[in-house]
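Each chain, written out:
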Amino acid sequence: MSRKKQFKAESKRLLDLMINSIYTNKEIFLREIISNASDAIDKRYYKSASAGKSGLSRNDYSIRIEADKDNRTLTISDNGIGMSEKELDENLGIIANSGSLDFKQGIEQAVKTDKKSSADLSSDFVNDDASNLPDIIGQFGVGFYSAFMVSKRIEVISLAEGEEKAYSWTSDGASGYRIEESDREEVGTTIILTLRDDNDEPDGENYSKYLEEMTIKRLIAKYSDYIRYPIVMSVEKSREKPATEEEKNADGYKPTYETFYEDEILNSMIPIWKKKKSEISKDDYNEFYKSKFYDMSDPLKVIHTKVEGVISYDALLFIPSEVPFNYYTKDYKHGLQLYSSGVMIMDNCEDLLPQYFGFVKGLVDSQDLSLNISREMLQQDRQLKAIAQRIEKKISQSLNEMLTNDRDNYNKFFKAFGIQLKFGVYDYFGMNKDKLKDLIMFQSSSTNELSTIKEYISRMPSEQKYIYYATGESVAKLEAMPHMDIFKDKGYEVFFCTDEVDEFALKILGEYDGKEFKNIGDNDLGFDISDEEKEKSDKKNEDAKKVLDAVKDALDEKVTSVILSNRLKEHPVCLSTSNGISLEMTKILKAQAEVTGNSGMADFNADVVLEINGNLPFYGNLEKAVSDGDEERIKDYAMLLYDQALLIEGLPIEDSVEFSKRICRLM
Ligand code: ADP
Ligand code: MG
């Protein structure tokens, strides 16, 4: 007897909604149907185990997929618990009714009232999970309908355990469904999806692809790889046709090939992160990383943690050893994969990683997430935030550990991703600087290795007050800067900042262990000088006032002041700045202002000081020009000194033709 039933009006609208707007991605239908099959098997297994029935053993369960291109059908069958006529009606006829949720709540209730019943269930049931309860995936009662996104007709044939008769449920979508008696020998459920017709419009969907072996394999690997029962498909293979020795030896023998079909298990079933750590080899981790995250090289570091508590999760994280080729482009997707009970929910969950640890690859698997109805997103980000916080701590811990115990690898890591950490110090007005300040490193004048700030401080002579740094394009150029003379003299170490972000990060840090940072281009280097020395220097400048003023006038506002230098030994001139903004910084800000169109950035100007070495012979000539009142000569000297200073700083000179003319005039 078959009778056509009507969906209630609301149900029709709901179904329409379901089909068209809940999911962003049609392909997840397979994930939903397979998750249901897995739930059905879990239920049957759980029931037979708790009833003490010998029933099927764990290995007898499977989910089978079959694609029939001629009939455009995709069939998914399982030997799970099945559905009776009534269950077909209730579970598939009432939208948002979840038989799985009822089941889960039922056993949770039973466990509460009779603690024992679940505890002595077969202990291998849920990978040694603390609860031993089946890890049922379904809960919203809507996943099944996602199959209508790709199907014009769905037929479900099911024989429930303990029932005599099998029934089928058939529907073409919103028009309603029909339940009738059917044939099925074994307990379980078969779902036959008749795919929609391909849409040939330019942006039209190609539904036929879901019949392709490749697509099916890809979807299972992506979403359902860790379903705990084998997902089996008969796949087409090719082999050489057997031939006798005689045939093989005959002239012109060519082997012929035949196609045959063989069952293949498409999922790997046990997620590597659920295994005991002692059972996972380094190679296992490496292989997993390379195949899941498309890298050719082994990871530099593997972080595998299991957390139990208010929120429980497993995390498997990798620090790559090479910078991905697209890392600094928009194409690079930050984030970790998010699994809920072994089913992939999100591919790149950005909220799980702070941006400065964006190089970390990996995944998080948690049963405790409350997912939204499409299971594509979380309902609350409180849980996610809690996980993200712990993950950040863990990564930071691992990096610190690597820094102390495995320096070679840390150096390698830092060369690849260190700049990201420096940006992390600087970003958001230094909000995260304290978390990162111990992890950043710089090149330095006293060692060829990268040094942390702490290491620098440990090498500081006791009278040294500041942590000094120099900014510029390359270590070689910085080492040759005239500003370095006095530091070499005093034996003070200088950090060489060759990345644009370096000085910005140091500025935001401000200090480390009470020691402030100072650019060696700062006019005031903060050295302790005796009153005697100070008097001497003031007097020198006083005596030279006429000369220095003349040079400043000749330079026409190009510099804020001109002084006799205390720091120069062999070099004739250098530039310093007196307002804490370095020349390098001005250069970077100007360039950024041009790129971003934010002219405010270009307003940060350094107060430039031209420092002249009064101890070299050329200074006598300058003095003479001033006392002779030879304006032209003063201008030539002043401009030449200034241009030289610019060149030494690696800055462009304004007028190179004039520069060369001046040199010739003086030759
Ligand atoms: P959910 O999985 O969130 O409960 P679904 O819409 O995916 O919601 O499925 C609705 C219900 O239909 C399930 O809870 C389950 O009771 C039943 N069901 C679906 N597929 C199967 C199956 N293969 N075997 C047995 N029962 C199933
Ligand atoms: Mg479901």
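Residues numbered from 1 in each chain as written. Chains lettered and ligands numbered in written order. Predicted model: local features only at pLDDT ≥ 70, side-chain atom pairs only at ≥ 80, totals over all residues. Heavy atoms only, no water.

A. Up close: empty space enclosed by the protein. Summed over all chains, the structure comprises two cavities of 30 Å³ or more. Within this model, the second largest cavity holds a volume of roughly 50 Å³. When the residues that make up the lining of the second largest cavity are grouped by side-chain class, the tally is three nonpolar, two polar and three charged. (1 Å grid on protein atoms, 1.4 Å probe; cavity = no way out; pocket = protein on both sides within 12 Å on 5 of 7 lines; lining within 4 Å. Points joined across faces, edges and corners; volume = space filled by probe spheres on them. Nonpolar A, V, L, I, M, F, W, Y, C, P; charged D, E, K, R; others polar.)

B. How the structure looks around the side chain of threonine 452. Examined against the element boundaries, threonine 452 turns out to sit in strand β16 (residues 447-452). Note on threonine 452: relative accessible area 5%, which makes it buried. Those residues in contact with threonine 452 that lie beyond four places of it in its chain are Leu403, Arg407, Asp438, Ile440, Met441 and Phe495. (Helix = DSSP H or I, 4+ residues; strand = E, 2+ residues; numbered from the N terminus. Buried < 20%, exposed > 50% of the residue type's maximum accessible area, 1.4 Å probe, protein only. Contact = heavy atoms within 4.5 Å.)

C. Quick peek at the site of ligand 1. Among the 19 residues in the neighbourhood of ligand 1, the closest are listed as Asn36, Ser98, Gly99, Ser100 and Gln139. Between ligand 1 and the protein, one listed contact pairs an oxygen atom with a backbone N or O atom of valine 142 at 3.2 Å. Between ligand 1 and phenylalanine 144 there is a distance of 2.9 Å, counted from an oxygen atom to a backbone nitrogen or oxygen. Coverage of ligand 1 by the protein amounts to 97% of the 530 Å² it exposes when considered alone. Of all the elements in the fold, those that place two or more residues in the shell around ligand 1 are α2 (28-50), α3 (85-93) and α4 (99-113). Ranked by residues supplied to the shell around ligand 1, first place goes to α2 with three residues. (Near = heavy atom within 4 Å. Polar contact = N/O pair within 3.5 Å; in protein donor to acceptor, adjacent residues only side chain to side chain. Areas by Shrake-Rupley, 256 points an atom, 1.4 Å probe, with all protein chains shown as cover.)

D. Molecular detail of the domain arrangement of the chain. By the assigned domains, the chain splits into domain 1 (3-244), domain 2 (272-405), domain 3 (413-519) and domain 4 (531-666). Contact with domain 3, which involves 14 residues of that partner, is made by 17 residues of domain 4. When domain 3 packs against domain 4, the two sides together hide about 1,400 Å² of surface, and 63% of this comes from carbon and sulfur. Broken down residue by residue, the surface that domain 3 buries against domain 4 is led by Pro482, His483 and Phe504, which jointly contribute 39%. Where domain 3 meets domain 4, there are one salt bridge. With its nearest N and O atoms 3.8 Å apart, the salt bridge here joins aspartate 489 to lysine 569. Applying the counting criterion to the domain 3 and domain 4 interface returns five residue pairs in polar contact (both at pLDDT 80 or more). Considering only residue class, the side of domain 3 that touches domain 4 consists of five nonpolar, four polar and five charged. (Domains from an automatic or database assignment. Buried area = accessible area lost by both parts, 1.4 Å probe. Salt bridge = Lys/Arg side-chain N within 4 Å of Asp/Glu carboxyl O.)

E. Representation of the pattern of salt bridges within the structure. All told, the structure shown has 43 salt bridges when counted by the stated rule. Of the charged contacts in the structure, one is a salt bridge between aspartate 225 and lysine 292, with a shortest N-O distance of 3.7 Å. Of the two residues, aspartate 225 is situated in the loop between α6 (213-223) and β8 (231-240) and lysine 292 in helix α8 (residues 282-292); the sequence distance between them amounts to 67 residues. The exposure class assigned to aspartate 225 is buried, which follows from its relative accessible area of 10%. Arginine 633 is paired through a salt bridge with aspartate 630; the nearest N and O atoms lie 3.8 Å apart. Overall, the relative accessible area of 31% leaves aspartate 630 in the partly exposed class. Each of the salt bridges in this network shares a partner with another, and the network as a whole consists of Glu213, Lys217, Lys237, Glu262 and Glu264.

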